[in-house]
Amino acid sequence: MLMDKYETPCKNAITLKKQVIVFVASSVESETLQKHAAAASHRARSSPGIPLDTVHGIRRKGGEVWHRGSNDEDWCYQTQFTCDHKCNAPEKWNHVNGDCGGRSQSPINIVTRKTLKDERLTPFQFKDYQKIFRGVIKNNGHSVKVEVPHLSTVSGGGLPATYKAVQFHLHWGTNGGPGSEHTIDGEQYPMELHIVHMKEHYADLTTALADPEGVAVLGFFYESSSSANKKYDPIINVLRSIKSTNDNTSLLPISLAQLIPSEQNMTSYYRYKGSLTTPSCTESVIWTLFEQPIPLNMDQLRMFSELKFQDGKPMVGTFRPVQPLNGRQVYRSGGAVILASSTLLVAAIATALGLSQPI
Ligand SMILES: [Zn+2]
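Since this is a predicted model, take the numbers as computed values, not measurements.

**A word on the confidence of the model for the chain**
Considering every residue of the chain, the mean pLDDT works out to 82; 73% of them sit at 70 or more. Below pLDDT 50 for its whole length, residues 1-8 participates in six contacts with residues either more than four positions away or in separate chains.

**Side note on the pairing of strand E6 (residues 136-139)**
Along a regular strand, successive side chains alternate from one face of the sheet to the other. In E6, alternate side chains face the same way, and those of Ile137 and Asn139 are buried while those of Val136 and Lys138 on the opposite face are not. As paired strands, E6 and strand E14 (residues 248-250) are joined by three bridges and run antiparallel to one another. Paired with Val136 across the two strands is Ser250, which belongs to E14. Linking two consecutive strands that pair antiparallel, namely E6 and strand E7 (residues 144-147), is a turn of four residues; a positive phi of about 90° is found at Gly141 within it.

**Notes on the pairing of strand E16 (residues 285-290)**
Taken across its six residues, E16 has six buried, putting it largely inside the fold. With burial as the criterion, each face of E16 is covered, one bearing Val285, Trp287 and Leu289 and the other bearing Ile286, Thr288 and Phe290. The pairing of strand E13 (residues 215-225) with E16 spans five bridges and is classified as parallel. Its bridge partner lying in E16, Val217 is registered against Trp287. Taken together, the six bridges between strand E15 (residues 269-274) and E16 define a ladder with antiparallel strand orientation. Directly across from Tyr272, in E16, lies its bridge partner Trp287.

**Some details on unusual backbone geometry**
With an omega of 0°, the peptide bond running from Ser106 to Pro107 counts as cis. Mapped onto the elements of the fold, Pro107 is located in the loop between helix H3 (93-96) and strand E3 (109-110). Cis geometry is adopted by the peptide bond preceding Ser280, which originates at Pro279 and carries an omega value of 20°. Assignment of secondary structure puts Ser280 in the loop between E15 and E16. A positive phi angle is found at Asp128, which is not glycine, with a value near 60°. As for its position among the elements, Asp128 is in the loop between strand E5 (124-127) and E6. Positive phi, close to 50°, is recorded for Asp185, a residue that is not glycine. Checked against the element boundaries, Asp185 lands in the loop between strand E10 (183-184) and strand E11 (187-188).

**A short note on the nonpolar core**
If you look at the biggest cluster of nonpolar residues, it comprises 65 residues, and the most contacted ones within it are Met191, Ile195, Val215, Val217, Phe220 and Tyr222. It is E13 that provides the largest number of residues to this core, a total of seven residues. Looking at which domains feed residues into this core, each of domain 1 (2-95) and domain 2 (109-355) gives three or more. For Met191, the residues in contact, after removing those within four places along its chain, are Leu170, His171, Trp172, Gly179, Ser180, Tyr222, Leu301 and Phe304.

**A closer look at the sheet that holds E10**
The three strands lie next to each other as E3-E10-E11, forming an open sheet whose pairing is mixed. Across the chains shown, the open sheet's two edge strands, defined by having one partner strand only, are E3 and E11. Two elements, E10 and E11, share two bridges in a ladder whose sense is antiparallel. Paired with Thr183 across the strands is Gln188, a residue of E11.

**As for the environment of His171**
If you trace the backbone, His171 turns up in strand E9 (residues 163-172). Along the primary structure His171 and Glu181 are separated by 10 residues, whereas in three dimensions their C-alpha atoms are 6.8 Å apart. Setting aside its immediate chain neighbours within four residues, His171 contacts Ser143, Gly179, Ser180, Glu181, Met191, Glu192, Thr318 and Phe319.

**Details of the environment of Gly274**
Counting through the fold element by element, Gly274 comes out in strand E15. Exposure remark for Gly274: the 23 C-beta atoms within 10 Å place this residue in the buried category. Distance in space between the C-alpha atoms of Gly274 and Ala216 is 9.9 Å, their sequence separation being 58 residues. Excluding residues within four positions of it along the chain, Gly274 makes contact with Ser104, Gln105, Ser106, Ile108, Glu283, Val285 and Trp287.

So, how was this worked out
Residues numbered from 1 in each chain as written. Predicted model: local features only at pLDDT ≥ 70, side-chain atom pairs only at ≥ 80, totals over all residues. pLDDT = per-residue confidence, 0-100. Contact = placed C-beta atoms within 7 Å. Buried ≥ 20, exposed ≤ 12 C-beta atoms within 10 Å, placed from the backbone. Helix = DSSP H or I, 4+ residues; strand = E, 2+ residues; numbered from the N terminus. Pairing = 2+ DSSP bridges. Core = buried A, V, L, I, M, F, W, Y, C linked by C-beta atoms within 7 Å. Domains from an automatic or database assignment.

Have a look at this one:
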């Protein structure tokens, strides 16, 4: 099982104790030895005085799960888990919230040759994405998040309603290494932007999440570029002032439009139904992943790794591993290209250029 990969080092610590005890008690006959070792191991697991089995001072339940109940904050990314600091890493999120063990979870790997082209996935209508606002950017202990005044809306693109922007946040790797949540044909991009929207008539995200189509997230990948993307200066320049959990600061005026590709470069996208990618993992999200990545140079990408988790360690690897599709279909818009071969790609671009000539 996958979780063994992460638990083995800590189990080894117990095994090591067992071996030491066995070595010291070498005059005792073998069968008794095993009993002693088993008892010692049991004490190591159950004694309240041994921190090995506790997290945040909470006793380990059922011998393998570390949790305090359904507290949304009581989870961590794999990068935060160590034998000295046990926390509910992604494989244990279903113990934080049962929905994390559901059958329509996000993120996923998108296998482009298995996507189904859907003619209903037309271009989006973005309203007031150009509108300038003064946001507050916050280190919330898991990511950086910006609350957005509920002015900008998105509709079309096969969405069943009009959705208004609520907040955006990012997921990244280590020093510009792989860090996106979704992957395309197994490729993990350095970072991923999530602009979270809810149906226009809802007042808050909690209410929207009770509707199986209440939330629409627009996801964008980043790629490393040779030159800096100046449109990201307002965000990147303040990261050093929000290094610690709960730090926040005002952003210089920005618009959502300046953070994402131009509208004509947002006609190629993938669509599927999934969940939030952090606990509570609620399965109420219509996902859109745009093919066109956003460029940032390596210095810009690396700046995100300067942020700190609550325990002061670098905030890196803030992504959930990809989840099973469980029979879900991923659709692609008319514009999305299947990267079968470079020849095909060139042909597709040539066709697209031909079609886009002014009439
Ligand atoms: Zn996210």
